[in-house]
Amino acid sequence: MILSAAFPVLADWTQIKLPEADNVYCFAVNGNTLFAGAVNGLYRSRDKGGTWTRVNDNRFAYTVLTLAVNGSALFAGMAGGSLYRTLDNGDTWVEMGAGLNFGGSLPLAVSGTDLFAGSGGRGVYRSGDNGDDWTQINNGLTESYVRSLAVKGSTLFAGTIASAGNTGNVFRSRDHGESWTKVNLNVRIGDPQSLAVSETGLFVGVWNDYYGVYRSPDEGETWTQNRVGLTQYDVNCLLMAGSTLIAGTESGGVFVSREGIDPWAQINKGLMSTPVYSLAIMDSTLLVGSDGAIWERALSEITGVHPAAPSAGFGLAPGTLFRPGESISFFIAHRAPARLSLYDALGKETVLSSGVLDEGGHSALLRKDLPKGVYSLRLVSGRESRTRRVAVY
């Protein structure tokens, strides 16, 4: 049971069909022109999504994974690692960084006049001249496969994954990439597919082990995991809209949470295709990239309402399996003393978390040497308590 209130549904999603399009992986807004990158090419709309045409360039006969705008320039990253630039809103294109072969999913980020590109095995590159020249900037970046990038002011964040395995890390640079520091030292995360930033937090959406959404209020110094209300934990994309964090998941559609603190609420009424690969905002409309189509909905219907918070709860269901060392998510509705404990079959208590906790999502780690078996998990917050049975294997 996931303890969160239903999200009031105000309207349905509306589908926008693209000519011959498959999965839509990315968006870019350049003035009044909207671009969508898909499995089979690049599409352009000059009327804010009303009508679409395919960009007739042989270089876009394959998957477009990423798009980014830097001033008057638009960049498109392709499957296989090629990067292209247009200075005339998509009419003509030139390859950038020829010979570098960025590889991977080629995440892009813009900070001032600098453009950053993440690679699949070569770390991060920076260009200060709109993509003409590139410098590799990996000092302190101990993992070279970069899944995601994000910028907050002059601070750059990179989500990386180990060369083997499903776990990842987050690195931070406060000098435009000249040096990097790993910031998730006290929490393990899965494959960091997406990063998002706001004035109040840094957010990581992950896949695989240690999945869900992680939030840091202090640029990576401390972290909490929030899975409460998420019925699908593999997160493909994140987008911040005002105080609302929006998450697109692999098979559960779209979820929203106030600042990533409140429980997640699913908003899928009318959304006929629930793999969500990309999110974007154009004017007052939220766009969702999915299988073979784009879906749209008024942003005010999503950011103007938030789910009511339960008094306490867990982001897990009875019988959920855990490995030793994994984290357990829970939610506290109001600042109060709280205690999360694990009880074995003999009633022996292991305290996972205890103290005065702030409102919002929290997480606690299971001991790495925890014996296998079935346990009772109990959360006490104020005068209320919740109990779940979990299995450790």
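Colleague: Can you walk me through the overall build of the protein chain in this structure?
Modeller: A count of helices and strands for the protein chain gives one helix and 36 strands. Against the globule reference of 21 Å for 393 residues, the protein chain gives a C-alpha radius of gyration of 21 Å, in line with a compact fold. Referenced to the eigenvectors of the C-alpha coordinate spread, the extents of the protein chain come out at roughly 70 × 50 × 35 Å. Taken over 393 residues, the protein chain has a buried fraction of 55%. Within the protein chain, contacts between residues separated by at least 24 positions form 51% of all contacts whose residues are at least 6 apart in sequence. When the accessible surface of the protein chain is summed, it comes to about 15,700 Å², and 48% of that surface belongs to carbon and sulfur atoms. Between the averaged position of the 32 positive side-chain charges in the protein chain and that of its 36 negative side-chain charges there is a distance of 9 Å.

Colleague: What is the right way to look at the sheet that holds strand β17 (residues 181-182) in this model?
Modeller: Hydrogen bonds between backbone atoms are what pair the strands of a sheet, whose relative direction is either parallel or antiparallel. Strand order in the open sheet formed by four strands is β14-β15-β16-β17, with antiparallel pairing between adjacent strands. Of all the strands in the sheet, just β14 (145-152) and β17 have a single pairing partner and so form its edges. Note that strand β16 (residues 168-173) and β17 share two bridges and pair antiparallel. Looking across to β17, one finds that Arg172 is bridged to Thr181.

Colleague: For this particular structure, what's the right way to read unusual backbone geometry?
Modeller: Peptide bonds are mostly trans, and most non-glycine residues show a negative phi. Located in the positive-phi region is Asn89, a residue other than glycine, with phi close to 60°. As for its position among the elements, Asn89 is in the loop between β8 (83-86) and β9 (94-96). A positive phi angle is found at Glu219, which is not glycine, with a value near 60°.

Colleague: Where do I start with the nonpolar core in this structure?
Modeller: Ranked by size, the top nonpolar core spans 18 residues in total, and within it Trp13, Ile246 and Val254 carry the most contacts. At the level of secondary structure, the elements contributing two or more residues to this core comprise β22 (235-241), β24 (254-258), β27 (285-289) and β28 (293-298). The greatest single-element share of this core, amounting to three residues, is contributed by β22. Excluding anything up to four places from it in sequence, Val254 contacts Trp13, Ile246, Ala247, Ala265, Gln266, Ile267, Asn268, Leu271, Val276 and Val288.

Colleague: What's the story with the sheet that holds strand β12 (residues 124-127) in this structure? I'm lost.
Modeller: In spatial order, the strands read β10-β11-β12-β13; together these four strands make up an open sheet with antiparallel pairing. Each of the sheet's edge strands pairs with one partner strand only, and the pair in question is β10 (108-111) and β13 (135-136).

Colleague: Would you explain the pairing of strand β35 (residues 373-381) in this entry?
Modeller: The two faces of the sheet receive side chains in turn, since in a regular strand these alternate between them. The sheet contact formed by strand β32 (residues 336-343) and β35 spans six bridges and is antiparallel. Considered in β35, the bridge of Ala338 is made with Ser381. Where β35 folds back onto strand β36 (residues 384-392) in an antiparallel hairpin, the turn is made up of two residues, including Gly382, whose phi is positive at roughly 65°.

Colleague: Would you take a moment to explain the side chain of Asn169 for this structure?
Modeller: Among the secondary structure elements, Asn169 is positioned in strand β16. A polar side-chain atom of Asn169 sits 3.2 Å from a polar atom in the side chain of Lys182. Contacts of Asn169, omitting those with residues within four sequence positions, involve Glu143, Ala158, Gly159, Thr160, Lys182, Asn184, Ile189 and Pro192.

Colleague: When you look at the confidence of the model for the protein chain in this model, what are you seeing that I'm missing?
Modeller: If pLDDT is low for a region, its predicted coordinates should not be looked at in detail. When pLDDT is averaged along the protein chain, the result is 85, and 92% of the positions lie at 70 or above. Every residue in residues 1-10 is under pLDDT 50, and counting partners more than four places away or in other chains gives 38 contacts.

Colleague: Explanation requested: the packing of aromatic side chains in the structure shown.
Modeller: This structure, assessed with the given rule, holds three aromatic pairs. Aromatic side chains Tyr25 and Tyr277 sit 5.2 Å apart centroid to centroid with 70° between the ring planes, which places their arrangement in the edge-to-face category. Within this pair, whereas Tyr25 is found in strand β2 (residues 24-30), its partner Tyr277 is found in the loop between β25 (265-266) and β26 (278-282), the two being separated by 252 residues in sequence. By relative accessible area, which is 27% here, Tyr25 ends up partly exposed. Judged by relative accessible area, which is 16%, Tyr277 ranks as buried. Measuring from ring centre to ring centre gives 5.4 Å for Phe102 and Trp134, while their planes differ by 75°; the resulting arrangement is edge-to-face. Highlighted residues: Phe102 in the loop between β9 and β10 and Trp134 in the loop between β12 and β13, separated in sequence by 32 residues. The same class applies to Phe102 and to Trp134, which are both buried. The lysine or arginine in question, Arg227, covers the ring of Tyr233, its NZ or CZ lying 4.7 Å from the ring centre.

Colleague: Help me understand the pattern of salt bridges, please; the structure alone is not making it clear to me.
Modeller: Oppositely charged side chains may form a pair once their charged atoms are brought near each other. Applying the stated criterion across every chain yields a total of 14 salt bridges. For Arg172, the salt bridge is made with Glu221, and the minimal N-O distance between the two is 3.0 Å. With Arg172 in strand β16 and Glu221 in the loop between β20 (212-216) and β21 (224-226), the pair connects residues that are 49 residues apart, well separated along the chain. One connected set of salt bridges, linked through shared partners, spans Arg44, Arg46 and Asp91.

Reading guide: rules and limits
All residue numbers refer to position in the chain's written sequence, counted from 1. Predicted model: local features are reported for residues with pLDDT of at least 70 only, side-chain atom pairs are reported and counted for 80 or more only, and whole-chain, interface and lining totals are derived from all residues. No hydrogens and no water enter the side-chain calculation; it runs on all heavy atoms of the structure. Helix and strand assignments come from DSSP, with helices taken as H or I runs of at least 4 residues and strands as E runs of at least 2, each series counted from the N terminus. Computation of the radius of gyration draws on C-alpha atoms, with the globule rule given as 2.2 Å multiplied by the number of residues to the power 0.38. Buried means the residue's accessible area, taken with a 1.4 Å probe over protein chains only, is under 20% of the maximum for its type, while exposed means over 50%, and partly exposed covers the values in between. Should any heavy atoms of two residues lie within 4.5 Å, those residues are considered in contact. Calculation of accessible area relied on Shrake-Rupley with a 1.4 Å probe; when residues are assessed, cover is drawn exclusively from the protein chains displayed. In this tally Asp and Glu are treated as negative and Lys and Arg as positive; neither His nor the chain ends contributes. Where a charge lies is defined by one atom per residue type, namely NZ (Lys), CZ (Arg), CG (Asp) and CD (Glu). Note: two strands are recorded as paired if DSSP finds a minimum of 2 bridges between them. What is meant by a nonpolar core is a set of buried Ala, Val, Leu, Ile, Met, Phe, Trp, Tyr and Cys residues, joined one to another through side-chain atoms within 4.5 Å. Counted as a polar contact is a pair of N or O atoms within 3.5 Å, where, for protein atoms, one must be capable of donating a hydrogen and the other of accepting one, and residues adjacent in sequence contribute only when both atoms are in side chains. pLDDT measures the predictor's confidence residue by residue and takes values from 0 up to 100. Geometry of aromatic contacts follows a simple scheme: Phe, Tyr and Trp rings, the Trp one being its six-membered ring, pair when their centres are within 6.5 Å, and the pair is stacked under 30 degrees between planes, edge-to-face over 60, tilted otherwise. Throughout this description, the term charge over a ring refers to an Arg CZ or Lys NZ atom that lies within 6 Å of the ring centre and within 35 degrees of the ring normal. Any Lys or Arg side-chain nitrogen located within 4 Å of an Asp or Glu carboxyl oxygen qualifies as a salt bridge.

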